[in-house]
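Below are the chains, spelled out letter by letter.
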Amino acid sequence: MTNKMKHNQDRCDFCGVCVGVCPHDAIELREAELIVDDERCTRCGQCVQACPIHALEVNDEAGV
Ligand code: SF4
Ligand code: SF4
């Protein structure tokens, strides 16, 4: 499966900032896991900009 977003699970400290900025409510934070809903995500990049430790990036390999 190719996800729209790449998330570095090892770097992430699960602060929840990206969840708050996503305009499409596409990010869900579970116990020690961050899940991006590809149905909702538009790859707007706002979560990438907001993440203080750069744990998120747009996956260019994924189809539109
Ligand atoms: S903003 Fe970054 S560090 Fe915080 S939960 Fe999201 S991906 Fe993880
Ligand atoms: S790229 Fe935009 S729509 Fe996709 S998860 Fe990040 S903030 Fe949400």
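Below or above, wherever it landed, is the structure these notes cover. Remember, predicted model here, so these are calculated numbers, not experimental data.

### Quick notes on the overall build of the chain
Then, number 1: The helix and strand inventory of the chain stands at 2 helices and 4 strands.
Then, number 2: Over its C-alpha trace the chain gives a radius of gyration of 11 Å, about what one expects of a compact globule, namely 11 Å for 64 residues.
Then, number 3: Reported as C-alpha extents along the three principal axes, the dimensions of the chain are approximately 30 × 25 × 20 Å.
Then, number 4: Evaluated residue by residue, the chain yields a buried proportion of 27% over its 64 residues.
Then, number 5: Sequence separation of 24 or more characterises 55% of the internal contacts of the chain that already satisfy a separation of 6 or more.
Then, number 6: Within the structure as shown, the chain displays about 4400 Å² of accessible surface, and the carbon and sulfur contribution to it stands at 44%.

### Considerations on the site of ligand 1
Then, number 1: As a matter of local geometry, ligand 1 sits amid 14 residues, with C12, D13, C15, C18 and C51 nearest to it.
Then, number 2: For the shell around ligand 1, the residue count by class is 11 nonpolar, 2 polar and 1 charged.

### Remarks on the pattern of salt bridges
Pairing between side chains of opposite charge can happen when their charged atoms approach one another.
Then, number 1: For the coordinates displayed, the defined rule picks out 3 salt bridges.
Then, number 2: Across the salt bridge formed by E28 and R30, the nearest N and O atoms sit 2.9 Å from each other.
Then, number 3: R40 is the salt-bridge partner of D37, the closest N and O atoms lying 3.7 Å from each other.
Then, number 4: Given the relative accessible area of 43%, R40 is considered partly exposed.

### Details of the side chain of K4
Then, number 1: Checked against the element boundaries, K4 lands in the segment before β1 (5–7).
Then, number 2: Here the side chain of K4 touches D38 through a polar contact of 3.0 Å, landing on its backbone oxygen.

### Examining the site of ligand 2
Then, number 1: In the vicinity of ligand 2, 13 residues are found, and the nearest of them are C22, C41, C44, G45 and C47.
Then, number 2: The residue makeup of the shell around ligand 2, split by class, is 8 nonpolar, 4 polar and 1 charged.

About the cut-offs
Residues numbered from 1 in each chain as written. Chains lettered and ligands numbered in written order. Predicted model: local features only at pLDDT ≥ 70, side-chain atom pairs only at ≥ 80, totals over all residues. Heavy atoms only, no water. Helix = DSSP H or I, 4+ residues; strand = E, 2+ residues; numbered from the N terminus. Rg over C-alpha atoms; globule rule 2.2 N^0.38 Å. Buried < 20%, exposed > 50% of the residue type's maximum accessible area, 1.4 Å probe, protein only. Contact = heavy atoms within 4.5 Å. Areas by Shrake-Rupley, 256 points an atom, 1.4 Å probe, with all protein chains shown as cover. Near = heavy atom within 4 Å. Nonpolar A, V, L, I, M, F, W, Y, C, P; charged D, E, K, R; others polar. Salt bridge = Lys/Arg side-chain N within 4 Å of Asp/Glu carboxyl O. Polar contact = N/O pair within 3.5 Å; in protein donor to acceptor, adjacent residues only side chain to side chain.

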